[in-house]
Amino acid sequence: MVQEFRVASRVASHHVMGVPDKLYYYGIRGDRRLGPKLIFRTSTERFVVPTEPGQEPRKIQLLSVHEHAKLEENNLWATIRKETVGILDQRHIQLISVDLARFCWKEDTPDGRSKAVFSRITIWIGVIPDSTNGASAFDSCQPILQLLLKYGIDDVDVAYRESDTQLLTGPPLYAPVSDLHPLKNVMDWITTALSIPITGVDDDLYGVTARHVLFPAMQGNALYNYTSGPRKDVVVMGNKAFDDFLASIQAHIGMLNWSIKVLRKRLESLKMKAQSGDVHAQVGRDLADTEADLNKKVETIESLNDFFATMKKDWAVVNNRIIGHVVWAPPISGLNEPDGYTQDVCVVKLDEKKFRPWCMLTGSVLPDAPNLTSRSLGTKIKAGKFMSLMDPNVESTSEFDYPETRLYKITNILAAAKIKKPNNRDINGDPVRFVIKNGHTTGTMVGRLNGFESHKRRYDIMGSADSIEAAIYPYDNDSSAFARRGDSGSAIVGADNDIIALLTSSSGPIHSSDVTYGTPMEWLVEQGHQA
């Protein structure tokens, strides 16, 4: 049996009979993952709750919003977002974020196929877990609905879910290697194409990351401006990260040894077939392919063993992993004029001996555009898959072109005003702006940049801090979170060779976020110039 229920109307009742708790948003955090707990929603579509063993709930996808005739007029969304936050505060709702979103799911059709169903645009409110119930959400929702009507908007829903805010904080460097190099799967951690933006000023090199990555909370929040004296050095990996890095090399060698064992047995079997008179052409091809694969893996293990020895000899001492020192880190602050963005930034002067030769060789700092950089696209996503992710709709064409070196050149900074403008369409024909980041924890991920910015709040022992952020949603139900703890300070780049934002935080649990947030790079660069 399948139990059905319908959420109460926008104004009639706050009781959601048979609410499936975390099943309503099933799939938002990745394939077969429970979503955030639904508290209340004004939408009236029917949700079917599975009751049979093994019956999977319908998956719901979080979509970005780029178009609404009234919300985008004269930046009305900024006004409604601010007034919504005020209403929630007046009603003592402990908000985490106010996002603008849409949702999509599949429904079966009479002919046995399925069709995509899209929700209305929704003001998606995140609140601290166990702080709000359906009654209080309903009560606080009524003035929000009246606010929308005041501006002539009756086609936007409101939904509340439980959430949390997470700050996503962790010898010469090597040049990035090609896809054919035996060390490609272990080398990215220590190459010059780091996830942080690198900029050239005169003859010096500087890196930009989030302040909270390098300044723990217990060190205070005062302005840091290095002039002389003891420096705050920056290392490419802490001791635990370095130990994990060495362990990953050993694990990769172990996996290859098992593969070689299987390949040798397969090779013996194929040789026996050939010696027994089986002269089928396929046997010959399989024999040649297996020998080539075996030889390649043996060579890779030899390279990895040499690389492991070099790392232990040259990088084991933490002082050898210093890549620069902090020169400027203003206090972390939110709601900065005029747009309310977060100032969570730190500038690091890089050790030229570890960067300059390879940067000039690989284009990590472009000689003809010294304030812009190249980003490594990593090895996690193969080139063909990457292209299909960035250009999924046959009726639209993306400007993205996968570089043969995996080094994606950044030639411009996206204006903050252009964040709301889509530049592509997804597989369903929806307008979208896809973005990319290569972080330390999750590696390379593709996501959806939302066209309307979010209000985010973070709580700590001293109170709360608010800010306006660019929001990035997961690519689809099959992809995991766009970012997790350890990815802070990564550059978020677009399909038009543009850098868009600096990744700072997320909403949702530590292991799997719903929404990732970043500060527009255009604004951060302006702050740096003023300083």
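Small disclaimer: the values here were computed from a predicted structure and weren't measured. (Residues numbered from 1 in each chain as written. Predicted model: local features only at pLDDT ≥ 70, side-chain atom pairs only at ≥ 80, totals over all residues. Heavy atoms only, no water.)

Observations concerning the pattern of salt bridges
Threshold: The term salt bridge refers to a pairing of a side-chain nitrogen on Lys or Arg with a carboxyl oxygen on Asp or Glu at a separation within 4 Å. Secondary structure counts use DSSP, requiring at least four H or I residues in a row for a helix and at least two E residues in a row for a strand, with both numbered from the N terminus. A 1.4 Å probe rolled over the protein chains alone gives each residue an accessible area, and that area as a share of the maximum for its type sets the label: buried under 20%, exposed over 50%, partly exposed in between.
Across all of its chains, the model carries 16 salt bridges by this definition. A salt bridge links R41 to E45; the shortest N-O distance between them is 2.9 Å. One salt bridge in this structure joins E469 and K456, with 3.4 Å as the shortest N-O distance. Residue E469 is found in strand β27 (residues 463-474), and its partner K456 is found in strand β26 (residues 454-460); the two are separated by 13 residues along the sequence. For the pair formed by E469 and K456, the shared burial category is buried. Salt bridges sharing common partners tie together D89, R457 and D466.

Concerning the nonpolar core
Formally: Residue types Ala, Val, Leu, Ile, Met, Phe, Trp, Tyr and Cys, when buried and joined through side-chain atoms within 4.5 Å, form a set referred to as a nonpolar core.
Ranked by size, the top nonpolar core spans 32 residues in total, and within it I249 and V326 carry the most contacts. At the level of elements, α5 (239-275), α6 (281-315), β14 (322-329) and β17 (346-350) are the ones that each hand at least two residues to this core. Sorting elements by how many residues they give to this core places α5 first, with 11 residues. Residues L389, F400, I410 and Y475 belong to the second largest nonpolar core, which totals 31 residues.

Notes on the environment of I39
Relative to the helices and strands, I39 resides in strand β2 (residues 38-41). The exposure class assigned to I39 is buried, which follows from its relative accessible area of 9%.

Some remarks on the pairing of β26
This is how it is decided: Criterion used throughout: strands pair if DSSP finds at least two bridges between them.
Pairing between strand β5 (residues 95-108) and β26: 2 bridges, direction antiparallel. Within the sheet, the bridge partner assigned to S97 lies in β26 and is K456. Both β26 and β27 contribute to a ladder of 7 bridges, which runs antiparallel. Each residue of the ladder has a partner; that of D460, found in β27, is G463.

Brief notes about unusual backbone geometry
Residue P338 is bonded to the preceding E337 through a cis peptide linkage, with omega at 0°. Of note, the phi angle at N74 is positive, near 55°, even though the residue is not glycine. Relative to the elements of secondary structure, N74 occurs in the loop between β4 (60-63) and α1 (76-90). Given a relative accessible area of 73%, N74 falls into the exposed group. Although it is not a glycine, L335 adopts a positive phi angle of roughly 55°. Checked against the element boundaries, L335 lands in strand β15 (residues 333-336).

What about the environment of D243?
Looking at the element boundaries, D243 is found in helix α5. According to the relative accessible area criterion, D243 is partly exposed, its value standing at 48%. Between the C-alpha atoms of D243 and K312, which are 69 residues apart in sequence, the distance is 9.7 Å.

A few points about empty space enclosed by the protein
Rolled over the atoms, a probe with the dimensions of a water molecule shows which regions are left empty. Heads up, the rule is: Lining residues are defined by having an atom within 4 Å of a point belonging to a cavity or pocket. Those points lie on a 1 Å grid over the protein atoms alone, cavities being sets where a 1.4 Å probe fits but cannot get out and pockets being open sets with protein on both sides within 12 Å along at least five of seven lines. Grid points are joined across faces, edges and corners, and a volume is the space filled by probe spheres set on the points. Nonpolar residues are Ala, Val, Leu, Ile, Met, Phe, Trp, Tyr, Cys and Pro. Charged residues are Asp, Glu, Lys and Arg, and all others, Gly as well, are polar.
By volume, the largest cavity amounts to about 90 Å³. Every residue lining the largest cavity is counted, 14 residues in all, and those nearest its centre are Y24, S43, E45, F103 and T122. At 3 residues, the largest contribution of residues to the lining of the largest cavity is made by strand β8 (residues 156-162). Considered class by class, the residues forming the lining of the largest cavity number 6 nonpolar, 4 polar and 4 charged.

Points about the packing of aromatic side chains
Two aromatic rings are characterised by how far apart their centres lie and by the angle between their planes. Keep this limit in mind: A pair of aromatic rings is counted whenever rings of Phe, Tyr or Trp (Trp by its six-membered ring) have centres within 6.5 Å, and the orientation is called stacked for planes under 30 degrees apart, edge-to-face for over 60 and tilted otherwise.
Applying the stated criterion across every chain, the model contains 14 aromatic pairs. Taken together, a centroid distance of 5.4 Å and an interplanar angle of 70° make the contact between Y25 and W124 edge-to-face. With Y25 in the loop between β1 (3-6) and β2 and W124 in strand β7 (residues 121-127), this residue pair connects regions lying 99 residues apart in the sequence. On the accessibility criterion, Y25 (1% relative accessible area) is buried.

Focus on the side chain of E162
Put simply, the rule is: In the analysis that follows, any N or O atom pair within 3.5 Å is treated as a polar contact, provided that within protein one partner can donate a hydrogen and the other can accept it, and provided that, for residues neighboring in sequence, both atoms belong to side chains. The contact definition used throughout considers only heavy atoms, calling two residues in contact when any of these lie within 4.5 Å.
Along the chain, E162 falls in strand β8. A residue is classified by how much of its surface remains accessible, and E162, at 12% relative accessible area, is buried. At 3.0 Å, the side chain of E162 forms a polar contact with the backbone nitrogen of D130. In this view, E162 contacts R29, P36, K37, I39, V127, P129 and D130; residues no more than four positions away in its chain are not counted.

Focus on helix α8 (residues 383-390)
Using the following cut-off: Note: the arc covers the axis-to-C-beta directions of the helix.
Inspection of α8 places F386, L389 and M390 among the buried residues, and these make up the whole buried set. Down the axis of α8, the buried side of the element spans an arc of 90°, and every buried residue falls inside it. Residues of α8 that are buried in the fold lie against β22 (424-425), β24 (434-439) and β25 (443-449).

A few points about the layout of surface pockets
When its volume is computed, the second largest pocket comes out at roughly 870 Å³. Surrounding the second largest pocket, 31 residues form its lining, R58, K59, W105, K106 and E107 being those nearest its centre. Elements with a minimum of two residues in the lining of the second largest pocket: β3 (46-49), β5 and α8. Sort the elements by how many residues they give to the lining of the second largest pocket and β5 lands first, with 5 residues.

With respect to the confidence of the model for the protein chain
Keep this limit in mind: What pLDDT expresses is the predictor's confidence in each residue, scored from 0 to 100.
Model confidence for the protein chain is summarised by a mean pLDDT of 81, while 83% of its residues fall at 70 or above. Of the regions scoring below 50 in pLDDT, residues 1-18 engages in 51 contacts with residues more than four places distant in sequence or in other chains. Low pLDDT, under 50, characterises residues 170-194; the predicted model gives this stretch 89 contacts beyond four residues in sequence or across chains.

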